[in-house]
Amino acid sequence: MPESVAIVGAGVAGAAAAIRLAERGVAVDLYEAVPEPKPIGAGLLLQPTGQRVLTAMGLLDEALALGTRVDRLFGDTPSGRAVLDMSYRRFHPEAYGLGIQRGALMGMLWKRVRELGVRWHCGALVEGFEQDEAGVTLRLSGGAKARHAALILANGSFSRLREGMKVSQHARAFPWGAVWTVLPAPPGFPQIELRQRFRSASQMIGLMPVGRADHADGARGINLFWSLPVAELEGWRERVGLDRIKQQMAELFPDVLPLLAGLRDAGQLREARYADVHMARWHDGRVLAIGDCAHGMSPQLGQGANMALIDAHELASEVGGDWPGVFERYGRRRRAHLRFYGQASKGLTPMFQSHAVVAPWLRDRFFGWGGRLPYVHQQSIAVLAGYKTGWLWGRLKLAGC
Ligand SMILES: Cc1cc2nc3c(=O)[nH]c(=O)nc-3n(C[C@H](O)[C@H](O)[C@H](O)COP(=O)(O)OP(=O)(O)OC[C@H]3O[C@@H](n4cnc5c(N)ncnc54)[C@H](O)[C@@H]3O)c2cc1C
């Protein structure tokens, strides 16, 4: 009988699951397609719920030393109309968002993966799998095979392996993406708030403090996010060019000018695409999907990495007995939370990234006004903080926290 569990993908979901399972004494093999994974990626805002998972892993202090506490989210229109004004402190005096570079988070997670003795196979592209009553056989590129007791798919929104699960599912590439980069914060640049400026839903710039890339890096970074339709992402460097994009950013939000001085080369801007993923359930016998592979969503709500950490934590809390049973119990634990955030993401994203006219008009008229009502503000921050499990009531209870 194979003993170890295979995890495919060493992103936030796969690395965190490897850590939490190894901590519970499970033998783990982690397969990653990239030969030499590098700690890179966009800035992330980790919510209080995800921070609790980092605390459970003993990693929150290090994450705080690398990242930055974000107290407030503020977004407005060019005419100065406040659309979003949310403060974590008004939700709870000790709550904050943790702005961190994905690379810094991955560096911490991968270090812990190694410390725990997880067998990590880099440059191992998993091409398919077959399962039977006793285990799962992975097919690796190059023809090799590997046998495991169970398989956890954590290989992102665009996973093709997911299609091998006999579960009703659909994945839709989102029509909007973004270019983003992390730039050094100019002296005096605000370090405590996530700042957004919107023109309708067709233009958006976001600035988020994200701290340092690693312990050796003295410079604190600001993550710059510029929304673009996917159709315009293709070949934007040749068609539009860096100068024009910088000009558009400065026209929308002149305060960004000191930061843009650090943007000298189009190669600094990376492209991001995402997909909405829906699965009727996340397990099929001995195979489970987690992270973006299971429930990819647009980054508007800032929940993807947060959800990946929670998935890993909740999965480990169910370990015991046979794997199909573990996966089924995990699915029951996660259902309400993931269903709520899938719906919220689908509902809110067109208000921020689309060519729609009515939805952003309503956003501009009512979000700022509604946010001034204490109850609405409290609920909005509860959504952002990752606590909601239903539209009217329901609050996430993390196992053992
Ligand atoms: C611009 C942007 C901003 C974001 N902002 C936030 C935010 O503020 N807060 C937040 O919580 N989330 C945010 N997110 C979302 C967050 O980054 C993701 O939800 C999170 O990183 C998902 O991690 P994952 O491990 O599920 O998938 P991924 O990070 O996609 O990792 C998948 C891994 O699987 C590997 N892989 C793929 N196929 C195979 C295969 N066949 N065999 C072996 N390996 C394979 C890949 O190489 C990769 O390493 C943002 C995303 C973007 C794009």
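In this report, the structure presented in the accompanying data block is examined. Computed from a predicted structure; not experimentally measured. (Residues numbered from 1 in each chain as written. Predicted model: local features only at pLDDT ≥ 70, side-chain atom pairs only at ≥ 80, totals over all residues. Heavy atoms only, no water.)

## Digging into the overall build of the protein
Part 1 of the argument: Across its full length, the protein carries 14 helices and 21 strands.
Part 2 of the argument: Taking the principal axes of its C-alpha atoms as reference, the protein extends roughly 65 × 45 × 40 Å.
Part 3 of the argument: The contacts in the protein between residues at least 6 apart in sequence include a share of 73% that link residues at least 24 apart.
Part 4 of the argument: Of the roughly 17000 Å² of accessible surface on the protein, a fraction of 55% belongs to carbon and sulfur atoms.
Part 5 of the argument: Looking at charge distribution, the protein has the averaged site of its 48 positive side-chain charges lying 5 Å from that of its 37 negative ones. (Helix = DSSP H or I, 4+ residues; strand = E, 2+ residues; numbered from the N terminus. Contact = heavy atoms within 4.5 Å. Areas by Shrake-Rupley, 256 points an atom, 1.4 Å probe, with all protein chains shown as cover. Lys, Arg positive; Asp, Glu negative; His and termini not counted. Charge placed at Lys NZ, Arg CZ, Asp CG, Glu CD.)

## Remarks on the side chain of D311
Part 1 of the argument: Inspection of the secondary structure puts D311 in helix 11 (residues 304-317).
Part 2 of the argument: The contacts of D311, once residues within four sequence positions are left out, are I290, G291, H295, Y330, R334 and L338.

## Section: the site of the ligand
Part 1 of the argument: Surrounding the ligand, one finds 31 residues, the nearest of these being E32, L45, V126, D292 and A305.
Part 2 of the argument: The backbone of A13 places a nitrogen or oxygen atom 2.9 Å from an oxygen atom of the ligand.
Part 3 of the argument: The backbone of A305 places a nitrogen or oxygen atom 2.8 Å from an oxygen atom of the ligand.
Part 4 of the argument: Compared with its free state, where it exposes 1000 Å², the ligand has 82% of that area covered by protein.
Part 5 of the argument: Of all the secondary structure elements, the ones that give two or more residues to the shell around the ligand are helix 1 (12-23), strand 2 (28-32), strand 3 (43-46) and helix 11.
Part 6 of the argument: Grouping the amino acids of the shell around the ligand by side-chain chemistry returns 18 nonpolar, 10 polar and three charged. (Near = heavy atom within 4 Å. Polar contact = N/O pair within 3.5 Å; in protein donor to acceptor, adjacent residues only side chain to side chain. Nonpolar A, V, L, I, M, F, W, Y, C, P; charged D, E, K, R; others polar.)

## Some points on the pattern of salt bridges
Part 1 of the argument: In this structure the tally under the stated criterion is 23 salt bridges.
Part 2 of the argument: For R195, the salt bridge goes to E193, with nearest N and O atoms at 4.0 Å.
Part 3 of the argument: The exposure class of E193 is buried, given its relative accessible area of 17%.
Part 4 of the argument: A single network of salt bridges, built from pairs that share partners, joins R72, D76, D85, E193, R195 and R197. (Salt bridge = Lys/Arg side-chain N within 4 Å of Asp/Glu carboxyl O. Buried < 20%, exposed > 50% of the residue type's maximum accessible area, 1.4 Å probe, protein only.)

## A look at a nonpolar patch on the surface
Part 1 of the argument: A cluster of nonpolar side chains, V357, V358, W361, L362, F366, W369, L373, Y375 and V376, forms an exposed patch at the surface whose accessible area comes to about 950 Å².
Part 2 of the argument: Counting only elements with at least two residues in the nonpolar patch, the list comes to helix 13 (358-371) and helix 14 (374-384).
Part 3 of the argument: Considering each element in turn, the nonpolar patch owes the most residues, five residues, to helix 13.
Part 4 of the argument: Here V357 lies in the loop between helix 12 (323-352) and helix 13. (Patch = residues over 30% accessible without salt bridge, like charges linked within 9 Å, V, L, I, M, F, W, Y side chains within 5 Å.)

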